[in-house]
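Listed below, chain by chain, are the residues.
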Amino acid sequence: MATSSEQLCQGLNCSKPAALQCPTCLKLGIPNSFFCSQSCFKDNWGAHKAIHKIAAMANGPPGGSDPWPGYKYSGTLRPVYPLSPRRTVPAHIQKPDYADTGIPLSEQNIRSSSVIEALPKEDIDVLRKVCKIAREVIDIGVAAVKVGVTTDEIDRIIHEATIERGGYPSPLNYNGFKKSCCTSVNEVICHGVPDMRPLKDGDIINLDVSVYKDGFHSDLNETVPVGNVDANGLRLIKNARECMEKAIAMVKPGALYRDLGNVIEKHAKTEGFQVVKTYCGHGVHRLFHCAPNIPHYARNKAIGVMKVGHVFTIEPMINEGTWKDEMWPDSWTAVTQDGKRSAQFEQTMVVTETGVEILTAR
Amino acid sequence: MSSKELTAFLAWAEENEILWDKAAIEIKETPSKYGLGVFAKKRLEPGYEVIQVPKAIVLSVQTTGIANLLEDDEVEGDTALTIGCMYELSRGAQSPWAPYLALLTKRPPQMATTLSKESREMMKMCEAYNDIEADIKDLQEDFESIVVPFIEKNSDVFTAEIKAKFFTLEAFRAMMEIVSSRGMDVDNFHVTALVPFADFVNHNPMPNADYLTHEEVCEICGALACEHMEDGSDDEDDEENEDGSDDDEVPDLAGDDSAPAAGKKAAAAKGKKAEEDMEEDGEEWEDEDAEDDDDEEINDTCDIILDDEVEKGEEITRHYGPYPNKILLSKYGFAVENNPHDTVTIQLDMVRQAAQRILKDEKLIEERTAWFLENEDAFIGAEDDDEEGGCCGGGDHDHDHDHEHGHGHGHDHHGHEHAEGDDCCAPKAPKKKAAEAEADDEDDEEMEGEEEEDDFPRDIMYMMHDGSIDDRLLMLLNVLFMDKDQFAKIQEDMEAAMEYFNDIFMRREQEERGDEDEEMEEDEEEEEGHEKVPKPELGPRDEKSKKTRKAVLEAILTLIRIRADAFGVTDKTTAEQDLASLKKAKLTGPLYYGGLCVQGEKQILQNGLQGYDSFLAEL
């Protein structure tokens, strides 16, 4: 491998000196994708991008416990690669449209982002059952949380519990997500990818479970302590749960989606915590993520008035330190910028004539 | 004059990341007391970015809290935007736009619709009067047929108390006036919106600044680049797309300086795709972005940018659009003295009357008029294709003008030549973004005219600011007055017809505008000594042609008098004298501007009489 500063262009029939690299390769950790110029790169794009597919299929570069050399982590958590092989789903289980391709076409084909579907009673009845299954599955997952257990193991348990109940784990291959649930430890805000890291005493972990069955998605998550967690951590977890509950209490026909953030941020602030702005609650039913979009912070400009039949999640992410987030090079794991911890809770609910029904309630 | 509302608004604007330099510009009362305006506090250069408003803070049917309700009940256009704004106003301090709305409602626009009936009577002498009366009627109708049912349907949001306080007819009228006079086009997602801060920039026929936004965004979510499919147009690309992240869009190579975002390049590519006929510009635009934006993504903002240098204390202005005074008055609440885009409407009936006085042959007139109306599209074919083929596809694409009202406001566009109207149809050369949609709207407005047909109103023609008649009227008059043989010839043969009309237009160029052009040509020859495009030599008119021309000119003069009589316009005083007395009277607001409308129309009629009189004499 040439280590001199002079790299040569990777283009066919071109050996000009090259200082520019393919950004996708950089992201995927593929070294030495040098090209001399944008136009040469363009010319060779067809052939070159095949490399991305190959790399994307692999579970990160072999042998390394640090898949992204040079990346500056904000906290102490590290990914532990390689990830376990992709889990399979039996043929008889109904799959969402992205199960094979990774692309949620149905979400891309919506007519407008301001339409919020109001589900009829029959649909809610089906959804209720799916949510109940999701609740069972997450409870099983939570029961498995112990010091020394890897997040991959928890993912396996959740995957199998879902399949057992005839459901498809919604996260699996959603936009290419590799696992069947999200495990977010400590400073990970959300979308943590289950890997080979064993849980440590004092960790806090969020399990985010989604089940797809009979044409409907359900979505819920919980943060739980691992072993002995310090007082601050426990406070954080409690506050996050309360934030969610206070917001849920505001749900009723005629209420504004944008008002939910006010009550969440107010409660987080009482204990000196901050609210993540980037990730929001969302509509969930036939589509995994759809309208409404529900930010959790104060004075947001979410659109929409609640109507009977609206189904959505509220899932505030509450941080010990800054609200600002950044993303690991795997393009999924969201972490706090200051490395401090984050806790989250989520339920799926439907607006009723009198207020709200929490479909994923225990 | 810094009221507490203004101060609160400025603080709010800053919080919401509206960008402007406090040391460079300020909002304050205009000298004419028309309202607030934006003024320079020091000398500023052309190209200076006066104001940048993030699209996230515009108030549109997509950002109002009740967006989903409006969408569900299919309320559209200005009425939807008005209801959305009324809703936000009803939320008081809780609305994300509270300080902005407080400032607006503290200083409501003075519109003609607020005038008492007596005052409006004064304006009977100009065309704006009918438009305003129609506006008032439409307002009432819209309220009863759209607003009230919508509110009843959503009674858990619009409680009895809120209804009584914030959703009365009066409140609707007040907000409609704000929306009508302040609404600005943003893009094909928001369509029309209230754009805070930028909307304090007032109109001037010779402006020093321009309003630019990036129009082509996803109609579904408003993003510059996203994955939403728009009616299959992106399907081809996506078929080859098996791996979600790797589009066929080639990302920017990562070099030393730039950390490229795939999103940014996709945005550039999307913009390029959308502007197919501007390929060269599109590429340049892409490259500009690659150089200018290091790590930043494209900031999708609504901008006010200086075209000219301004001095300290000068007001910063833009051009709302080449509207005649009657539209400026009914839509924006003001009018412009000596408005170069002003027009007078000539009804088809008046043309018939004038023709009848000269020809005294109703049957002939009907026959020829009918033929003209049926066939005129073929002649104006080429010009119109650009406009008809255009973007206005119908429902979604609502523009912020008076369409819903159905009474086609006269637009001086159709069939006119672009001699003066340099800024009306041609888009401005874009910097990074597409030119403001209002210019394009003009083309589209014609398309929506009357609601029954997808067409402009055929029985309306125009006289321009300088008194000249529009192309359609010129053609119609020629059709009416040409002799039998000539008419038979053009009836049979489209080619002959086109040739005939081409000839007329060329002669008009020479005869009516000839003097100016000749002088200019001489100058050019002196200066450059270059080859110039040889003008086709037109022979002198033959007898037949002279006869027709004489009849046409006489008809025009008759027509002008008919039009004047119809509106009670007399020549007891000249238009110039009228202007002087109007100013002396020291009226303000809608009364003054209504007066300008009346005076402006008289000026046009006067110009027409003088002009065509002299052509007749020369013949």
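Residues numbered from 1 in each chain as written. Chains lettered and ligands numbered in written order. Predicted model: local features only at pLDDT ≥ 70, side-chain atom pairs only at ≥ 80, totals over all residues. Heavy atoms only, no water.

A. Summary view of helix α13 (residues 348-359) of chain B. Residue and element names in this part refer to chain B. Compared with an ideal rise of 1.5 Å per residue, which puts twelve residues at 16 Å, α13 spans 16 Å between its outermost C-alpha atoms and is within 8% of the ideal. The complete set of buried residues in α13 reads Leu348, Met350, Val351, Ala354 and Ala355. The arc enclosing the buried residues of α13, seen along the axis, measures out at 155°, which places them on a common side. (Helix = DSSP H or I, 4+ residues; strand = E, 2+ residues; numbered from the N terminus. Expected span 1.5 Å × (residues − 1). Buried < 20%, exposed > 50% of the residue type's maximum accessible area, 1.4 Å probe, protein only. Arc of directions from axis to C-beta.)

B. Focus on the UniProt feature "binding site: Zn(2+) 4" (unreviewed entry) in chain A. Residue and element names in this part refer to chain A. Taken from the UniProt record, the annotation "binding site: Zn(2+) 4" (unreviewed entry) applies to Asp219, His282, Glu315 and Glu346. Despite a sequence span of 128 residues, these residues sit close together in the fold, their greatest C-alpha distance being 10.7 Å. You can see His282 is positioned in strand β11 (residues 281-283). Within the structure, the side chain of His282 is placed 3.0 Å from the side chain of Asp219, a separation counted as a polar contact. Within the element layout of this structure, Glu315 appears in the loop between β13 (311-314) and β14 (317-319). Once residues lying within four places of it in the same chain are set aside, the contact partners of Glu315 are Asp219, Asn221, Cys280, Gly281, His282, His296, Gln344, Phe345 and Glu346. (UniProt positions renumbered as here; feature names shortened; annotations may be inferred. Polar contact = N/O pair within 3.5 Å; in protein donor to acceptor, adjacent residues only side chain to side chain. Contact = heavy atoms within 4.5 Å.)

C. Local environment of the pattern of salt bridges. Within this structure, the stated rule accounts for 53 salt bridges over all chains. A salt bridge links Glu14 of chain B to Lys22 of chain B; the nearest nitrogen and oxygen atoms lie 2.8 Å apart. According to the relative accessible area criterion, Glu14 of chain B is partly exposed, its value standing at 43%. You can call Lys22 of chain B partly exposed: its relative accessible area is 46%. With its nearest N and O atoms 2.7 Å apart, the salt bridge here joins Glu127 of chain B to Arg563 of chain B. Of this pair, Glu127 of chain B sits in the loop between α5 (117-121) and α6 (128-153) while Arg563 of chain B is found in helix α19 (residues 543-566), placing the two residues 436 residues apart along the sequence. Arg563 of chain B matches Glu127 of chain B in its accessibility class, with the two residues each being buried. Each of Arg87, Asp152, Asp155 and Lys179 of chain A takes part in a single network of salt bridges with overlapping partners. (Salt bridge = Lys/Arg side-chain N within 4 Å of Asp/Glu carboxyl O.)

D. Structural view of the UniProt feature "binding site: Zn(2+) 3" (unreviewed entry) in chain A. Residue and element names in this part refer to chain A. Per the UniProt record, "binding site: Zn(2+) 3" (unreviewed entry) is annotated on Asp208, Asp219 and Glu346. Spanning 139 residues, the named residues form one tight spatial group whose C-alpha atoms are at most 8.2 Å apart. Counting through the fold element by element, Asp219 comes out in strand β9 (residues 216-225). Residue contacts for Asp219: discarding those within four places in its chain leaves Asp208, Val209, Ser210, His282, Val284, Phe288, Thr313, Glu315, Glu346, Gln347, Thr348 and Thr360. Among the structural elements, Glu346 can be located in the loop between β17 (342-344) and β18 (347-351). In this view, Glu346 contacts Asp208, Asp219, Leu220, Asn221, Met244, His282, Thr313, Ile314 and Glu315; residues no more than four positions away in its chain are not counted.

E. Spatial organisation of the interface of chain B and chain A. With 44 residues of chain B in contact, the opposing surface of chain A contributes 42 residues. For the pair chain B and chain A, the two sides together bury roughly 3400 Å², of which 54% comes from carbon and sulfur. Counting across the chain B and chain A interface gives three salt bridges. In this structure, the salt-bridge partner of Glu88 of chain B is Arg258 of chain A, at a minimum N-O distance of 2.7 Å. The set of elements that each furnish at least two residues to the side of chain B that touches chain A consists of α2 (67-72) and α3 (77-90) of chain B. The element that contributes the greatest number of residues to the side of chain B that touches chain A is α2 of chain B, accounting for five residues. (Buried area = accessible area lost by both parts, 1.4 Å probe.)

F. View of the packing of aromatic side chains. One pass over the structure, following the stated rule, counts 30 aromatic pairs over all chains. When the ring of Tyr71 of chain A is compared with that of Tyr73 of chain A, the centres are 4.9 Å apart and the planes differ by 85°; the resulting orientation is edge-to-face. Overall, the relative accessible area of 12% leaves Tyr73 of chain A in the buried class. Centre to centre, the rings of Trp371 of chain B and Phe487 of chain B are 5.6 Å apart; their planes meet at 80°, and the pair counts as edge-to-face. With a gap of 116 residues between them, Trp371 of chain B in helix α14 (residues 362-388) and Phe487 of chain B in helix α17 (residues 484-492) connect regions that are remote in the sequence. Judged by its relative accessible area of 9%, Trp371 of chain B falls in the buried class. When its relative accessible area of 4% is taken as the criterion, Phe487 of chain B is described as buried. In textbook terms, an aromatic cluster arises when at least three aromatic residues are bridged by ring pairs, as seen for Phe9, Trp12, Trp20, Tyr100, Phe197 and Phe200 of chain B. Directly above the aromatic system of Trp323 of chain A lies the positively charged group of Lys277 of chain A, at a separation of 4.9 Å from the ring centroid. A cation sits over an aromatic face here: Arg563 of chain B above Phe567 of chain B, 4.0 Å from the ring centre. (Phe/Tyr/Trp six-rings, centres within 6.5 Å; stacked < 30°, edge-to-face > 60°. Lys NZ or Arg CZ within 6 Å of the ring centre and 35° of its normal.)

G. Spotlight on the domain arrangement of chain B. Residue and element names in this part refer to chain B. Annotation of chain B at the domain level lists domain 1 (4-225 + 299-326) and domain 2 (342-378 + 456-513 + 541-618). Its C-alpha centre places domain 1 at a distance of 37 Å from the equivalent point of domain 2. Contacts between domain 1 and domain 2 engage 16 residues on the former and 17 residues on the latter. Roughly 1500 Å² of surface becomes buried between domain 1 and domain 2 when both sides are summed, with 63% attributable to carbon and sulfur atoms. There are one salt bridge connecting domain 1 and domain 2. Taken together, the connections running from domain 1 to domain 2 amount to five residue pairs in polar contact (both at pLDDT 80 or more). A per-class count over the side of domain 1 that touches domain 2 returns ten nonpolar, three polar and three charged. (Domains from an automatic or database assignment. Nonpolar A, V, L, I, M, F, W, Y, C, P; charged D, E, K, R; others polar.)

H. Quick peek at unusual backbone geometry. Residue Pro82 of chain A follows Tyr81 of chain A across a cis peptide bond; omega there is 0°. In this fold, Pro82 of chain A is placed in the loop between α2 (38-57) and α3 (105-108). A cis geometry characterises the amide bond from Ala291 of chain A onward to Pro292 of chain A, with omega recorded as 5°. Positive phi, close to 55°, is recorded for Arg299 of chain A, a residue that is not glycine. Tracing the sequence through the fold places Arg299 of chain A in the loop between β12 (290-294) and β13. The backbone of Lys360 of chain B sits at a positive phi, close to 55°, despite the residue not being glycine. As for its placement among the helices and strands, Lys360 of chain B is situated in the loop between α13 and α14. Take Lys360 of chain B: its relative accessible area is 62%, and that puts it in the exposed class.

I. Summary view of the domain arrangement of chain A. One can read the domain layout of chain A as domain 1 (1-59) and domain 2 (105-358). Computed over C-alpha atoms, the centres of domain 1 of chain A and domain 2 of chain A are 38 Å apart.

J. Looking closely at the packing of helix α4 (residues 121-143) of chain A against helix α5 (residues 151-164) of chain A. Residues and elements named next belong to chain A. The interhelical angle for the contact between α4 and α5, taken along N-to-C directions, is 150°, at an axis separation of 9 Å. The orientation of α4 with respect to α5, classified from their angle, is roughly antiparallel. Like other packed secondary-structure pairs, α4 and α5 cross with a definite hand, here right-handed. Of the residues in α5, those touching α4 at Val137, Ile140 and Gly141 are Ile154, Ile157, Ile158, Ala161 and Thr162. In the contact of α4 with α5, the residues fall into six nonpolar, two polar and no charged. (Axes fitted to C-alpha atoms, helices over the stretch in contact; angles between N-to-C directions. Parallel < 35°, antiparallel > 145°, perpendicular 65-115°, else oblique. Left-handed = near helix turned anticlockwise from the far one by under 90°.)

K. Up close: the sheet that holds strand β7 (residues 188-190) of chain A. Residue and element names in this part refer to chain A. Spatial ordering of the open sheet is given by β7-β16-β15, a layout of three strands whose pairing is antiparallel. Since the sheet does not close on itself, it has two edges, and those belong to β7 and β15 (325-327), each with one partner. For this sheet the average axis-to-axis angle between neighbouring strands, irrespective of direction, equals 45°. Where β7 lies against strand β16 (residues 334-336), two bridges are found, and the strand directions are antiparallel. (Pairing = 2+ DSSP bridges.)

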